[in-house]
Amino acid sequence: MESFQNPIIKTGIVSNENSTPTLYEGKAKKYMESSKSANTRKAYRTDWQHFLDWCQEHNINPIPADPQNVSDYIADLADQGYKPSTIQRRIASISQAHQMAGFESPTHTAKVRATWQGIRRELGTAPKQKKAAGIEIIKAMCQTIPDTLLGHRNRALLLIGFASGSRRSELVSLNVEDVEFSHEGVTLHIRRSKTDQEGRGRKVGIKFGSHPQTCPVRALQRWINESGITTGALFRRVDRHGNVKDRLTGDGVAYIIKQISKRAGFDPKEFAGHSLRRGFITTAHRMRKSEYAIMKQTGHKSIQTMRRYIEDADVFADNATDGIGL
């Protein structure tokens, strides 16, 4: 097998092993690495490594890659059943790798674009959305949560995740120092989010609920008190012996939601961490909350993006088939 030049991969930034160090040295390197979130850098590393492995298997030079080889690669992914969203991310990773190494991206060529367009036509691009956990589903889930330390954590995570309309990455990033209780409820300081990579931050208020069993403020107070956490990560792992461990991950949140939904009698495949955010938006819209109020809570920057959740909730509202004599 012919050897090919294997680029160095560091935090999602690619450099050529034989190139003269310039921007990859000192402060510039640090800021370049910080231009992408940790999750994005991790995804790029994983995707780029997959492309490297594929190139090695087919005895192909990965960088600079020939557009025909990139077209063959994404076509192979499609034939193997990869989701369009995954393929699109792989294309972005290949593009980033080439640009950061000083090469023109092969993904911008007509050949690769045409292949990608054909894949999209064949497979479709609409992502499979997780089911919205609306208020009735949240109530049903809460009834199955036991009165244990682990249960206090799960109840607080479920209710705060729902009432704040937060992404799972925002939930697991919260620290105790980001929580402020008052006579009205609790204020969460979301320091960084998917649409706020520069860390401007925003504050989210959650009022006391009418029912103790589903009150997010009381649930969070109970978790903090029972866990004894005074600083650092707010939502943490709890082992089978009741020991509070390190910070939860986004995948951990998804797993917890699936487990709670299963115990409540729902299909766990339909639920994940994003179900809470979708459920809150759906519920708030049905309760006639304004789009401004909803976006203020969820941190949406685009009203079009937020409205996609509402469109799902409105499928039977003022429906054309209602009362037409069928």
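Structure shown above.
What you are looking at is a predicted structure, and each value in this text was computed from that prediction instead of being measured.

Considering the layout of surface pockets
Taken as a whole, the second largest pocket holds about 880 Å³ of empty space. Surrounding the second largest pocket, 26 residues form its lining, Phe162, Ala163, Lys207, Phe280 and Lys289 being those nearest its centre. Tallying contributions element by element places strand 5 (residues 202–207) first for the lining of the second largest pocket, with five residues. For the lining of the second largest pocket, the class distribution of residues is 14 nonpolar, seven polar and five charged.

Brief notes about unusual backbone geometry
Of note, the amide linkage connecting Ile63 to Pro64 takes the cis form, showing an omega dihedral of 0 degrees. The topology assignment puts Pro64 in the loop between helix 2 (38–57) and helix 3 (67–79). With a phi close to 55 degrees, Asn59 is a non-glycine residue in the positive phi region. Looking at the element boundaries, Asn59 is found in the loop between helix 2 and helix 3.

Brief notes about the nonpolar core
Leu188, Leu220, Trp223 and Phe235 are the most contacted members of the largest nonpolar core, which totals 49 residues. Among residues more than four places away in sequence, those in contact with Leu188 are Ile160, Ser164, Leu174, Asp178, Val179, Arg202, Lys203, Val204, Ile206 and Leu220.

Re the sheet that holds strand 3 (residues 179–181)
Spatially, 3-4-5 is the arrangement adopted by the three strands of the open sheet, whose pairing is antiparallel. Each having just a single partner strand, strand 3 and strand 5 make up the two edges of the open sheet. Ignoring strand direction, the axes of neighbouring strands in this sheet form an average angle of 20 degrees. Where strand 3 and strand 4 (residues 185–190) come together, three bridges link them in antiparallel fashion. Within strand 4, the residue paired with Glu180 across the bridge is Thr187. Contacts from helix 7 (residues 149–164) reach strand 4 and strand 5 within the one sheet, and its direction differs from that of strand 5 by about 115 degrees.

Observations concerning the packing of aromatic side chains
Summed over the entire model, instances satisfying the criterion amount to six aromatic pairs. Taking the centre distance of 6.5 Å and the plane angle of 10 degrees together, the rings of Phe51 and Trp54 count as stacked. Of the two residues, Phe51 and Trp54 are both situated in helix 2; the distance of three residues between them amounts to about one turn of the helix. We classify Trp54 as buried; its relative accessible area is 8%. For the pair Phe51 and Tyr73, a centre-to-centre distance of 4.9 Å together with 70 degrees between the ring planes defines the contact as edge-to-face. With Phe51 in helix 2 and Tyr73 in helix 3, this pair connects stretches of sequence that are 22 residues apart. Each of the two residues, Phe51 as well as Tyr73, counts as buried. Pairwise contacts between aromatic rings join Trp48, Phe51, Trp54 and Tyr73 into one cluster.

Topic: the pairing of strand 5
Burial of the side chains of strand 5 is restricted to one face: Arg202, Val204 and Ile206 are buried, whereas none of Lys203, Gly205 and Lys207 on the reverse face is. In this structure, strand 4 lies alongside strand 5, joined through six bridges in antiparallel fashion. Across the sheet, the residue bridging to Thr187 is Gly205, located in strand 5.

Thoughts on the packing of helix 4 (residues 84–100) against helix 5 (residues 110–123)
Where helix 4 contacts helix 5, the two axes come as close as 11 Å, and the packing angle between them is 165 degrees. When the interaxial angle is binned, helix 4 and helix 5 end up roughly antiparallel. For helix 4 against helix 5, the interelement crossing comes out left-handed. Contact residues: helix 4 offers Pro84, Ile87, Gln88 and Ile91, while helix 5 offers Trp116, Ile119 and Leu123.

Focus on the environment of Ser95
Checked against the element boundaries, Ser95 lands in helix 4. Its relative accessible area of 8% is what places Ser95 among the buried residues. Through-space distance from the C-alpha of Ser95 to that of Ser105 is 5.0 Å; in sequence the pair is ten residues apart. Aside from chain neighbours lying at most four places away, what touches Ser95 is Ser105, Thr107 and His108.

Cut-off values and rules
- Residues numbered from 1 in each chain as written.
- Predicted model: local features only at pLDDT ≥ 70, side-chain atom pairs only at ≥ 80, totals over all residues.
- Heavy atoms only, no water.
- 1 Å grid on protein atoms, 1.4 Å probe; cavity = no way out; pocket = protein on both sides within 12 Å on 5 of 7 lines; lining within 4 Å.
- Points joined across faces, edges and corners; volume = space filled by probe spheres on them.
- Helix = DSSP H or I, 4+ residues; strand = E, 2+ residues; numbered from the N terminus.
- Nonpolar A, V, L, I, M, F, W, Y, C, P; charged D, E, K, R; others polar.
- Core = buried A, V, L, I, M, F, W, Y, C linked by side-chain atoms within 4.5 Å.
- Buried < 20%, exposed > 50% of the residue type's maximum accessible area, 1.4 Å probe, protein only.
- Contact = heavy atoms within 4.5 Å.
- Pairing = 2+ DSSP bridges.
- Axes fitted to C-alpha atoms, helices over the stretch in contact; angles between N-to-C directions.
- Phe/Tyr/Trp six-rings, centres within 6.5 Å; stacked < 30°, edge-to-face > 60°.
- Parallel < 35°, antiparallel > 145°, perpendicular 65-115°, else oblique.
- Left-handed = near helix turned anticlockwise from the far one by under 90°.

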